[in-house]
Amino acid sequence: MPGTEVDVVVIGMGPGGEDVGARLARAGLSVVGVDARLVGGECPYYACVPTKMMIRATDALGEAARVDTLAGSASVRRDWAPVATRIREEATDDWDDTVAVDRFTGTGGEFVRGSGRITAPREVTVSTADGARVFRARRGIVLNTGTDPAVPAIDGLAETPYWTNRDAVAVEEVPGSLVVLGGGPVGCELAQVFARFGAAVTIVQHADRLLPGDEPEAGELLADTFEAEGITVRTGMSAARVRYDGGRFAVKLDNGEELAVDRLLVAAGRRTDLAALGVGAVGLPEDVRGVDTDERMRAADGLWAIGDITGRGAFTHVSMYQARIAAADILGEDGAETADYRAVPRVTFTDPEVGSVGLTEEAARAKGITVRTGLSEIPSSSRGFIHKVGNKGFVKLVEDAERGVLVGATSVGPTGGEVLGALVVAVHAEVPTTTLRRMIYAYPTFHRAIEDALNNLA
Ligand SMILES: Cc1cc2nc3c(=O)[nH]c(=O)nc-3n(C[C@H](O)[C@H](O)[C@H](O)COP(=O)(O)OP(=O)(O)OC[C@H]3O[C@@H](n4cnc5c(N)ncnc54)[C@H](O)[C@@H]3O)c2cc1C
Ligand SMILES: NC(=O)c1ccc[n+]([C@@H]2O[C@H](COP(=O)([O-])OP(=O)(O)OC[C@H]3O[C@@H](n4cnc5c(N)ncnc54)[C@H](O)[C@@H]3O)[C@@H](O)[C@H]2O)c1
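Residues numbered from 1 in each chain as written. Chains lettered and ligands numbered in written order. Predicted model: local features only at pLDDT ≥ 70, side-chain atom pairs only at ≥ 80, totals over all residues.

### Thoughts on the UniProt feature "domain: Pyridine nucleotide-disulphide oxidoreductase dimerisation" (unreviewed entry) in the protein chain
Part 1 of the reasoning: Here the UniProt-annotated "domain: Pyridine nucleotide-disulphide oxidoreductase dimerisation" (unreviewed entry) positions come out as residues 344-453.
Part 2 of the reasoning: Annotation note: span residues 344-453, helix share 32%, strand share 30%, distance between end C-alpha atoms 21 Å. (UniProt positions renumbered as here; feature names shortened; annotations may be inferred. Helix = DSSP H or I, 4+ residues; strand = E, 2+ residues; numbered from the N terminus.)

Next up, the structure:
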């Protein structure tokens, strides 16, 4: 089939794909951006932005519930309508990407809506509504195709109208009861949102704790907080069978317990389909989860990969970081930066927020690092004492004792994600812990708990 010659084809216009495409187009390259769904990807339409709008509302409800302890009394009439309206009108333009497409074409790029597949080195075939189009990319291809929700092979589940994150962000009404399958970041954030808006929520988590990628203290604290708010947490368990009778879900757990609920949210991780992307055409394995890249985001000759498929942290900030690096490499910039994942920050926006950077204690020990840890509790800090209700949290530091630098840190608490900022600098810049101990920490801030944790390193 005759093809159109261009410089670069970007398959998948997630946050990183849109960014790399725009950078290359602005630099004067001819760039074709391809997306099967919406330009901007999961983050603005189905993930970060709408869920954080939900959480903004949920946090307001959480604080209102604390008025009785701190400032008299407050009575609140919960209403989901402002949340649904904000998501539809402010976050997603009713799931319309015209603004994003215009933003990209405004840089000089061409946008093609359709499903892209690598059909030969430097060749992409796009299935569009009007048939197939072939592009030959002189410089190469950038893959930013992200992930889809994984749906576990549970008896009966596939035949039911379960929700994934893509359905959950579009709900107009909060269900009366909900099972959330999965206790990772998606499950934890959305469980608390729907529970605070009145749903009776049960989290069914296969791993032995919530947020298993974080320090165990974080998952334990979150489980205690959730239980105190009325969320049922079942860990070390999955569903054995799911049925839907046209109105309600019957979810039978591994332990035989049967839950009857209005809705079921599947938040059990993500999946990729590398065979559908045709990466075998450039010699890469297709039966694996992700695409390996070097420090310049190169995956093969004429192929760069960025974002969730690289397995370096499924976060928008990682995708955008990698986009910057890939763009510099494609443009052949002198002295271009290379990827460094020692200080990848992650924040789960529950109340309390769970922020982490770098290695957990377990991961550091597994790497053979001589570890010292230091922990301080937010409630016993001055600010925690003043804050009173809603003050649960801690700062945990993981030090490479031989080098005297932090290799990981966790900050849980009110504004835990913001407190994390200082810790990201410490891990990224390898600031000696002796230097961190000699700093002045403003009184009475939440981040002053970092100083206490430093003094507790042992
Ligand atoms: C509920 C939820 C909440 C989240 N909250 C946060 C958060 O608060 N902060 C954060 O940093 N991260 C968050 N994330 C993760 C974040 O959404 C992703 O890391 C982010 O979207 C970056 O993904 P990406 O760049 O790999 O691509 P994606 O955003 O996944 O986009 C990939 C794009 O590729 C397209 N595509 C796929 N295959 C093809 C193909 N063959 N041809 C053409 N197009 C294709 C898709 O249509 C999609 O538009 C959240 C995720 C979820 C699910
Ligand atoms: N605030 C944020 O930055 C944010 C928020 C949400 C998601 N994310 C990103 O999106 C990614 C995906 O999040 P996620 O929570 O969907 O995935 P995840 O893989 O992090 O967690 C999924 C959880 O589901 C559990 N699980 C798997 N199969 C199960 C089953 N059959 N029954 C019960 N539980 C089961 C697993 O034990 C796991 O802990 C995350 O890794 C994160 O990087 C980020």
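Back to the text.
### A look at the domain arrangement of the protein chain
Part 1 of the reasoning: Under the domain assignment, the protein chain is made up of domain 1 (4-40 + 97-147 + 272-330), domain 2 (157-268) and domain 3 (345-455).
Part 2 of the reasoning: In this structure, domain 2 and domain 3 have C-alpha centres spaced 29 Å apart.
Part 3 of the reasoning: With twelve residues of domain 2 in contact, the opposing surface of domain 3 contributes 14 residues.
Part 4 of the reasoning: Those elements that provide at least two residues to the side of domain 2 that touches domain 3 are α8 (185-196) and α9 (216-228).
Part 5 of the reasoning: Sorting elements by how many residues they give to the side of domain 2 that touches domain 3 places α9 first, with five residues.
Part 6 of the reasoning: For the side of domain 2 that touches domain 3, the per-class residue count stands at six nonpolar, two polar and four charged. (Domains from an automatic or database assignment. Contact = placed C-beta atoms within 7 Å. Nonpolar A, V, L, I, M, F, W, Y, C, P; charged D, E, K, R; others polar.)

### Notes on the sheet that holds strand β21 (residues 394-400)
Part 1 of the reasoning: The five strands are arranged β18-β19-β22-β21-β20 in an open sheet whose pairing can be described as antiparallel. Looking at the sheet topology across the chains shown, the edges are occupied by β18 (345-348) and β20 (371-377). Taking the axes of each pair of neighbouring strands and ignoring which way they run, one obtains an average angle of 10° across the sheet.
Part 2 of the reasoning: Where β20 lies against β21, seven bridges are found, and the strand directions are antiparallel. In the strand pairing of β21, Thr 373 is matched with Val 398.
Part 3 of the reasoning: Lying over the sheet, helix α14 (residues 416-428) contacts β18, β19 (353-358) and β22 (405-413), oriented at roughly 180° with respect to β22. (Pairing = 2+ DSSP bridges. Axes fitted to C-alpha atoms, helices over the stretch in contact; angles between N-to-C directions.)

### A closer look at the UniProt feature "domain: FAD/NAD(P)-binding" (unreviewed entry) in the protein chain
Part 1 of the reasoning: The positions that UniProt labels "domain: FAD/NAD(P)-binding" (unreviewed entry) are, in the present scheme, residues 7-323.
Part 2 of the reasoning: Within the segment residues 7-323, helix and strand shares are 31% and 26% respectively, and the terminal C-alpha atoms sit 16 Å apart.

### Looking at the site of ligand 1
Part 1 of the reasoning: The environment of ligand 1 is made up of 34 residues, and the closest members are Gly 12, Gly 14, Gly 41, Gly 146 and Gly 307.
Part 2 of the reasoning: For the shell around ligand 1, a count of residues per class yields 13 nonpolar, 16 polar and five charged. (Near = placed C-beta within 6 Å.)

### Observations concerning the packing of helix α1 (residues 15-26) against helix α11 (residues 316-330)
Part 1 of the reasoning: Direction vectors running N to C along α1 and α11 enclose 25°, while the axes themselves pass 8 Å from each other. Comparing their axes, α11 and α1 come out roughly parallel. The hand of the α1/α11 crossing is right-handed. Where α1 approaches α11, its residues Pro 15, Gly 16, Asp 19, Val 20, Arg 23 and Leu 24 are matched on the opposing element by Thr 316, Ser 319, Met 320, Gln 322, Ala 323, Ala 326, Ala 327 and Ile 330.
Part 2 of the reasoning: Of the residues that constitute the contact of α1 with α11, the class distribution is eight nonpolar, four polar and two charged. (Parallel < 35°, antiparallel > 145°, perpendicular 65-115°, else oblique. Left-handed = near helix turned anticlockwise from the far one by under 90°.)

### Observations concerning the site of ligand 2
Part 1 of the reasoning: The environment of ligand 2 is made up of 25 residues, and the closest members are Gly 182, Gly 184, His 206, Gly 269 and Ala 314.
Part 2 of the reasoning: Listing elements by their share of the shell around ligand 2, those giving two or more residues are α8, β9 (200-205) and β18.
Part 3 of the reasoning: Broken down by element, the residue count for the shell around ligand 2 peaks at four residues, all from α8.
Part 4 of the reasoning: Each residue belonging to the shell around ligand 2 can be placed in one class, and the counts come to 13 nonpolar, nine polar and three charged.
Part 5 of the reasoning: Viewed by domain, the shell around ligand 2 spans two of them, domain 2 (157-268) and domain 3 (345-455), each represented by three or more residues.

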